[in-house]
Amino acid sequence: MTHPINTICLWYESEAEEAARFYAKTFPDSSVGRVLRAPADYPAGSEGDVITVEFTVLGIPCLGLNGGPAFQHNEAFSFQVATADQEETDRYWNAIVGNGGEESACGWCKDKWGISWQITPVALTDAINDPDSAAAKRAFEAMMTMGKIDIAAIEAARRG
């Protein structure tokens, strides 16, 4: 079995496998790989407990580590997902928020395990990079008022 040279390791209290299965169900090019279970009892758990889960999210190799409650996720790390249209934006946003997650600002949300996600329509990125600085400013100011990104509102703001 080949292993990627670089893998993102995400710390979970004890739900790495549940999270990996949710990501695999929610996003394309995502899957759950090898699940490593403790071969013996250890100070924080028992033989058979899931220790790590190899998984892929949108083509990115990850390792979920069930490490206990010592560390929590924050916005310093996030997955940024470029979406093609409003339907895809809504689908990912609603899956994350609707599965125990929470909304934030400017296209950011958190899943129920505390991982931050930026659900970012390509139309938003294009709008705030518009060579017309006034159009880019209008789109940026519109984005600043949003939780989930509304592409039609971004495009209207860009047009003026």
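Just so it is clear, the model here is predicted, and its values are computed rather than measured.

A. Up close: a nonpolar patch on the surface. On the surface, I128, F140 and M144 cluster together into a nonpolar patch covering about 260 Å² of accessible area. Within the secondary structure, I128 is located in helix α3 (residues 122–128). By relative accessible area, I128 is classed as partly exposed at 31%.

B. Here's a closer look at the sheet that holds strand β7 (residues 108–110). In space, the four strands of this open sheet follow the order β5-β8-β7-β6, with mixed pairing throughout. Every interior strand has two partners, whereas the edge strands, β5 (78–83) and β6 (102–103), have only one. Packing against the sheet, helix α2 (residues 86–98) makes contact with β5, β6, β7 and β8 (116–121), and its axis sits at approximately 165° to β8.

C. Quick peek at the environment of G68. Along the polypeptide, G68 turns up in the loop between β4 (60–66) and β5. Under the relative-accessibility criterion, G68 is labelled buried at 16%. Measuring from C-alpha to C-alpha, the distance between G68 and L58 comes to 26 Å, with 10 residues separating the pair along the chain. Not counting the four nearest positions on each side in its chain, G68 is found in contact with W11, Y12 and E13.

D. Just the side chain of K110, in detail. By the secondary structure assignment, K110 is in strand β7. For K110, a relative accessible area of 18% gives the class buried. Among the polar contacts listed, one links the side chain of K110 to the side chain of E75, at a separation of 3.0 Å. Those residues in contact with K110 that lie beyond four places of it in its chain are E75, I96, G101, E102, I115 and S116.

E. Inspection of the sheet that holds strand β2 (residues 31–37) at higher detail. If you walk across this open sheet you meet the four strands as β1-β4-β3-β2, and the pairing is mixed. With one partner strand each, in any of the chains shown, β1 (8–12) and β2 form the two edges of the open sheet. In this sheet, adjacent strand axes meet at a mean angle of 20° when their direction is disregarded.

F. Spotlight on unusual backbone geometry. For D29, which is not glycine, the phi dihedral falls at a positive 50°. The class for D29 is exposed, based on a relative accessible area of 58%. Even without being a glycine, C106 presents a positive backbone phi close to 60°. Checked against the element boundaries, C106 lands in the loop between β6 and β7. For C106, a relative accessible area of 18% gives the class buried.

G. Layout of the layout of surface pockets. The computed volume of the largest pocket comes to approximately 190 Å³. P4, E54, F55, P61 and C62 are the residues nearest the centre of the largest pocket, which is lined by 14 residues in total. Looking at the lining of the largest pocket, the elements with two or more residues in it are β2, β3 (50–57) and β4. Classifying every residue of the lining of the largest pocket gives seven nonpolar, six polar and one charged.

Rules behind the numbers
Residues numbered from 1 in each chain as written. Predicted model: local features only at pLDDT ≥ 70, side-chain atom pairs only at ≥ 80, totals over all residues. Heavy atoms only, no water. Patch = residues over 30% accessible without salt bridge, like charges linked within 9 Å, V, L, I, M, F, W, Y side chains within 5 Å. Areas by Shrake-Rupley, 256 points an atom, 1.4 Å probe, with all protein chains shown as cover. Salt bridge = Lys/Arg side-chain N within 4 Å of Asp/Glu carboxyl O. Helix = DSSP H or I, 4+ residues; strand = E, 2+ residues; numbered from the N terminus. Buried < 20%, exposed > 50% of the residue type's maximum accessible area, 1.4 Å probe, protein only. Pairing = 2+ DSSP bridges. Contact = heavy atoms within 4.5 Å. Axes fitted to C-alpha atoms, helices over the stretch in contact; angles between N-to-C directions. Polar contact = N/O pair within 3.5 Å; in protein donor to acceptor, adjacent residues only side chain to side chain. 1 Å grid on protein atoms, 1.4 Å probe; cavity = no way out; pocket = protein on both sides within 12 Å on 5 of 7 lines; lining within 4 Å. Points joined across faces, edges and corners; volume = space filled by probe spheres on them. Nonpolar A, V, L, I, M, F, W, Y, C, P; charged D, E, K, R; others polar.

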